[in-house]
Amino acid sequence: MSDLLAARAQMALSLGFHIIFAIVGIGMPVLMVIAERRFLRTGDPVFLDLTKRWAKGTAILFAVGAVSGTILSFELGLLWPGFMEFAGPIIGMPFSLEGFAFFTEAIFLGIYLYGWGRISPRAHWWSGVMVAVSGAASAVFVVIANAWMNTPRGFRIENGVAMDVDPLAAMMTPAAFPQVLHMMLAAYAATGFAVAGIHAYLILRGRTHPFHRHAVHIALMVGAPAALLQPISGDISARYVAKWQPAKLAAMEGQFRTERGAPLRLGGLPDEEAMTTRWAIEIPKALSLLAFHDPNATVAGLEEFPRENWPPVAVTHIAFQVMVALGTYLAAVSAWAVLMALRRRPIVANRALLRALAVATPFGFIATEAGWVVTEVGRQPWIIYEVARTADAVTPMPGLQFPFAIFTAMYIGLSVIVILLLRRQLAESPREEAAAA
Amino acid sequence: MSGDAGLLTLALAGVLLAALLAYVLLGGADYGGGVWDLFATGERKERQRALIADAIGPVWEANHVWLILVVVLLFTVFPPAFARLTTVLHLPLLLMLIGIVLRGTAFTFRTYDDRRSGAQRRWGLVFAIASVFTPIMLGICVGAIASGAAGESWGILARVQACAQAGDTGPECEGARQAATFGAVYVQSWLTPFALGIGVLALAMFAFLAGVYLAVESPDAALREDFRLRALVAAGATAAIAVLLPLASAGRVPIVGERLLGAWWSKPALFVTAAVAATAASALWRRRYRLARWASAGMVTLLLAGWAAAQFPLLVPPDLTIALAAAPQATQRLVAWVLGLGAFVLVPSMVYLFRVFKGRPPAFARMEARTTVRGRDHRG
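First, a word on scope: everything that follows refers to the structure included in this document. Here the residue index of a chain counts from 1 through its sequence in written order. All chains are assigned letters beginning at A, and all ligands numbers beginning at 1, according to the order in which they are written. This being a predicted model, a pLDDT of at least 70 is required before a residue's local features are given, and a value of 80 or more before pairs of side-chain atoms are given or counted; all residues contribute to the totals for chains, interfaces and linings. To get the side-chain values, take all heavy atoms of the structure and skip hydrogens and water.

**Remarks on the overall build of chain A**
A run of DSSP states H or I qualifies as a helix once it reaches four residues; a run of E qualifies as a strand once it reaches two. Both are numbered from the N-terminal end. Counting its secondary structure elements, chain A contains 14 helices and 10 strands. C-alpha atoms of chain A, sized along the principal axes, occupy 70 × 45 × 40 Å. Only protein chains enter the accessibility calculation, which uses a 1.4 Å probe. A residue is then buried if its area is under 20% of the maximum for its type, exposed if over 50%, and partly exposed in between. Across the 437 residues of chain A, 59% fall into the buried class. Accessible surface is estimated by sampling points in the Shrake-Rupley manner with a 1.4 Å probe; for residues, cover comes only from the protein chains shown. Entry remark: accessible area of chain A is about 16900 Å², with carbon and sulfur atoms responsible for 66%. For chain A, the distance from the average site of its 33 positive side-chain charges to the average site of its 29 negative ones is 14 Å. Positive charges come from Lys and Arg alone, negative charges from Asp and Glu alone, with His and the N- and C-terminal ends not counted. Think of each charge as sitting on NZ of Lys, CZ of Arg, CG of Asp or CD of Glu.

Pasting the structure below:
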């Protein structure tokens, strides 16, 4: 493994690990705030119990998110000092704003987790709202910084140095809105479906306590609308990629040749040597239609770009297929649940739906990870699209395989411990109806 | 770029120092709490640990964000300094990060894992050891910067990079290449007696702060005495290192000999710092805990200010000045706005957090405390 590959692997692993906890930090506060609101309005202690148990799980996951986020802020320099020296003044703004959002989030989470009985119930609820709002704001700012790497704006280069730096223009790039929208919806969908899935599974296992029914309902209130809106957001993203990063779109779709009325390929395995994508189900003209809203539009293939500027095609294409497949599944299950709710049928009495939910527990997270693989791997070989190459930004320090090994071991260890702790929490959750008395 | 930094640049450098100071005063004390968890002894051992956990629990994550702010400000406003330091201090920063991860997660895992003693002891040990280890690494990084060791190592690396860029293979460049060994660039940048000394000083200082804060927050006299004693021990250690380290390294580390001890302001500054330190110690001795808290925080502030003044106008000695490292004006102006906006949200939130958990308990919480046993399970 070369030093560059080790650095990329460590960054990918750190981001992939942190994203899970970041998502939970965005989504869970919303669920807790809804549950606590129900308690304040109805006085039903089950909602209080639900809020407190969710808060415990969130506390564990938030702590891991806070420290893994710290690792990332240092890794920007530990692994890519050249990139940060160039980009720091340009995209430091969203990072600074994120710093304050994270501050607010951490402060009010502390108040929320430890403030039971110390502050009034109303102040406690508002602390939860602050956590939810600042958690969302943090994510918005970080994604804005990433969007700049896809569509860099707000500077010009003179002798390798950034001149005329305009940090505001660097925040308002073409990629910013589509990426932020897609990620926020992903966060709410992933958290909602993970929570709904866990409690649906517990109901299927015979836990009849209303605790779990309420949990599924609240989780779906957040997850289902997000999952239903995600295809629209995906369409916005696809059209943005088609316009601004055509090489990435070609890799996502396994489109090697430039084509009028290009087909949409479902599945398949791109072969870079043969310049073809094999074994895909092709829907005629569908790609042109989706990317440009015109069935006869011309889609640029990878042949338009020099070979050294191709992203890894197979990885990008497969990750994209995984994301779309799982997202479609979540949208379909959401539609099912919404129909049931509209016809006033009890969702939790339908065992088929519960099973569909239980299966979907990890899907939102996997889809989000796959989506980040699409956007990050699809941007290669550039660290800043068409401005700077990843290979030129890596730290000169040799032996990067060792830090990579250390972090890998640490992330594996943390994952195992978090899973065990969450299982402990779930084992203690209410069981039978009778226990409510 | 001009040799002198503008007012805005100096103000932003001041904010950077203030953020680091906040991290030391608040986050540092959380590490110090972990140190006293490790050295919890006597019949009140478990109560000491419970108090530490109660004191740290609600605030450590918020306190930790000061470090993130330092990092973000550094790469936004002084990007070359960030790039150089993260390059040559890769190894100590890596070790510090491992410490940060283990401290934070082990503390949280202990809070939410099995209440039985086995799991509690295991997490407690990881938390406590990481709380000792991390401040040492942080101090080493500061010492490496202040002494110029980190900057020297960067110079060795930069010469090689300049040769490679120019395609020069002459004897001078060959010499530069041979000098740029892994040890010279990535190890000697921080593994020096002075940096290690600063590491131990940071540990003693954090333990001292924690001891004083915990004495203030102790619910009863016996526990308060425990932490008073601990704070006095840490105060002695801090004073000893703070006096001996400069004397021992004055000849070898130029920043100490020429700038810290030799400047026109040295004598009055040392006098004031010593007076504040003596106030802290005597207040602790006389059991005037609130005064001790103010004086100990003042002492730490003066120590950091002394470091900054000695280094000024250098950001990364021996050659990177604040002015040379500064980002473009447009970025600086916007960062100033963001800081103002951020402070507008942060200050009231921070005040609220500390009033809820560190102020006098509100009436209804006092009432509740009378009816329930004070223990760790109150968090729900």
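**Digging into unusual backbone geometry**
A cis amide bond links Gln380(A) with the next residue in sequence, Pro381(A), at an omega value of 5 degrees. Note that the residue after Pro317(B), namely Pro318(B), is joined by a cis bond; omega there is 10 degrees. A positive phi angle is found at Asp164(A), which is not glycine, with a value near 50 degrees. With respect to the secondary-structure elements, Asp164(A) resides in the loop between strand S2 (161-163) and helix H5 (167-171).

**A closer look at the nonpolar core**
Buried residues of nine kinds, namely Ala, Val, Leu, Ile, Met, Phe, Trp, Tyr and Cys, make up a nonpolar core once their side-chain atoms join them within 4.5 Å. Formed by 253 residues in total, the largest nonpolar core has its most connected members in Trp54(A), Phe83(A), Trp148(A), Phe78(B) and Leu89(B). Counting residues per element, this core draws most heavily on helix H3 (residues 81-114) of chain A, which supplies 21 residues. Note on definitions: a residue-residue contact is assigned when non-hydrogen atoms from the two residues lie within 4.5 Å. If we ignore the near neighbours within four places in the chain, the residues touching Phe83(A) are Gly88(A), Ile91(A), Trp148(A), Met149(A), Ile383(A), Ile384(A) and Ala393(A). Ranked by size, the runner-up nonpolar core spans 12 residues in total, among them Ala146(B), Phe194(B), Ile198(B) and Ile255(B).

**Looking at the state of the cysteines**
Residue and element names in this part refer to chain B. Here, the term disulfide refers to a pair of cysteine sulfur atoms separated by no more than 2.5 Å. A complete count under the given rule lists one disulfide over all chains for this structure. The side chain of cysteine 163 participates in a disulfide bridge whose partner is cysteine 173; the two sulfur atoms lie 1.9 Å from each other. When the S-S torsion is -80 degrees, as for the bridge of cysteine 163 with cysteine 173, the disulfide is left-handed. Of the two residues, cysteine 163 sits in helix H7 (residues 149-166) while cysteine 173 sits in helix H8 (residues 171-179), which places them 10 residues apart along the sequence. Considered together, cysteine 163 and cysteine 173 belong to a single accessibility category, that of buried residues.

**Comments concerning helix H6 (residues 117-146) of chain B**
One less than the number of residues in a helix, times 1.5 Å, gives the span that helix is expected to have. The end-to-end C-alpha distance of H6(B) is 43 Å, a good match for the 44 Å that 30 residues give at a rise of 1.5 Å each. Two residues or fewer past H6(B), Gly148(B) is found with a positive phi of approximately 90 degrees.

**As for the packing of H3(A) against helix H4 (residues 79-88) of chain B**
When two helices pack together, you describe them by how their axes are tilted relative to each other and by the distance separating the axes. Close contact between H3(A) and H4(B) brings their axes to 8 Å; oriented N to C, the two are set at 160 degrees. Here H3(A) lies roughly antiparallel to H4(B), going by the angle between them. Between H3(A) and H4(B) the crossing geometry is right-handed. Across the interface between the two elements, Pro81(A), Met84(A), Glu85(A) and Pro89(A) of H3(A) pack against Pro79(B), Pro80(B), Phe82(B), Ala83(B), Thr86(B) and Thr87(B) of H4(B). Just so you know the grouping, Ala, Val, Leu, Ile, Met, Phe, Trp, Tyr, Cys and Pro go in nonpolar, Asp, Glu, Lys and Arg go in charged, and all remaining residues, Gly too, go in polar. Of the residues contributing to the contact of H3(A) with H4(B), the split by class is seven nonpolar, two polar and one charged. Axis lines are fitted through C-alpha atoms, for helices just across the contact stretch, and the angle between N-to-C directions can take any value from 0 to 180 degrees. Here the word oblique covers every angle except those under 35 degrees (roughly parallel), over 145 (roughly antiparallel) and from 65 to 115 (roughly perpendicular). Note on convention: the crossing is left-handed when the near helix lies turned anticlockwise from the far helix by less than a right angle, right-handed when the turn is clockwise.

**Some thoughts on a nonpolar patch on the surface**
Residues and elements named next belong to chain A. A cluster of nonpolar side chains, Leu269, Trp279, Ile318, Val322 and Ile366, forms an exposed patch at the surface whose accessible area comes to about 480 Å². With respect to the element layout, tryptophan 279 can be found in the loop between strand S6 (276-278) and strand S7 (281-283). Residue tryptophan 279 is classed as exposed on the basis of its relative accessible area, which comes to 70%. Every patch collects residues that have over 30% relative accessible area and no salt bridge, joining them within 9 Å if they carry like charges and within 5 Å if they are nonpolar side chains (Val, Leu, Ile, Met, Phe, Trp, Tyr). By definition here, a salt bridge exists when the distance from a side-chain nitrogen of Lys or Arg to a carboxyl oxygen of Asp or Glu is within 4 Å.

**Quick look at the packing of helix H2 (residues 45-56) of chain B against helix H11 (residues 221-249) of chain B**
Residue and element names in this part refer to chain B. Two numbers describe how H2 lies on H11: the axes approach to 10 Å, and their chain directions differ by 80 degrees. Classified by the angle their axes make, H2 and H11 are roughly perpendicular. On the side of H2, the interface is formed by Arg47, Gln48, Leu51 and Ile52, while H11 contributes Leu223, Asp226, Phe227 and Arg230.

**Here we look at the pattern of salt bridges**
Pairing of side chains with opposite charge becomes possible as their charged atoms draw close. Residues and elements named next belong to chain B. Per the counting criterion, the structure on display carries 23 salt bridges over all chains. Notably, a salt bridge pairs arginine 287 with glutamate 225, separated by 2.6 Å at the nearest N-O pair. With arginine 287 in the loop between helix H13 (266-285) and helix H14 (289-311) and glutamate 225 in helix H11, this residue pair connects regions lying 62 residues apart in the sequence. For arginine 287, a relative accessible area of 44% gives the class partly exposed.

**Observations regarding the packing of aromatic side chains**
Residues and elements named next belong to chain A. We call Phe, Tyr and Trp rings a pair once their centres come within 6.5 Å, taking the six-membered ring for Trp, and we label the pair stacked below 30 degrees between planes, edge-to-face above 60, and tilted otherwise. With the rule as written, the count across this model stands at 20 aromatic pairs over all chains. Aromatic side chains phenylalanine 17 and tyrosine 411 sit 4.4 Å apart centroid to centroid with 35 degrees between the ring planes, which places their arrangement in the tilted category. Taken together, the residues span a long stretch of sequence, with phenylalanine 17 in helix H1 (residues 3-42) and tyrosine 411 in helix H14 (residues 401-427) at a distance of 394 residues. Exposure class is identical for phenylalanine 17 and tyrosine 411. Each is buried. Measuring from ring centre to ring centre gives 5.9 Å for phenylalanine 256 and tryptophan 310, while their planes differ by 55 degrees; the resulting arrangement is tilted. Of the two residues, phenylalanine 256 sits in the loop between helix H8 (246-253) and strand S3 (259-260) while tryptophan 310 sits in the loop between strand S8 (298-299) and helix H10 (313-342), which places them 54 residues apart along the sequence. Taken together through their ring pairs, the aromatic side chains of Phe17, Phe21, Phe407 and Tyr411 make up a single cluster. Only lysine NZ and arginine CZ atoms are considered, and such an atom sits over a ring when it is within 6 Å of the ring centre and within 35 degrees of the ring normal. Arginine 389 extends its terminal NZ or CZ atom over the ring of tryptophan 382, reaching a point 4.5 Å from the ring centre.

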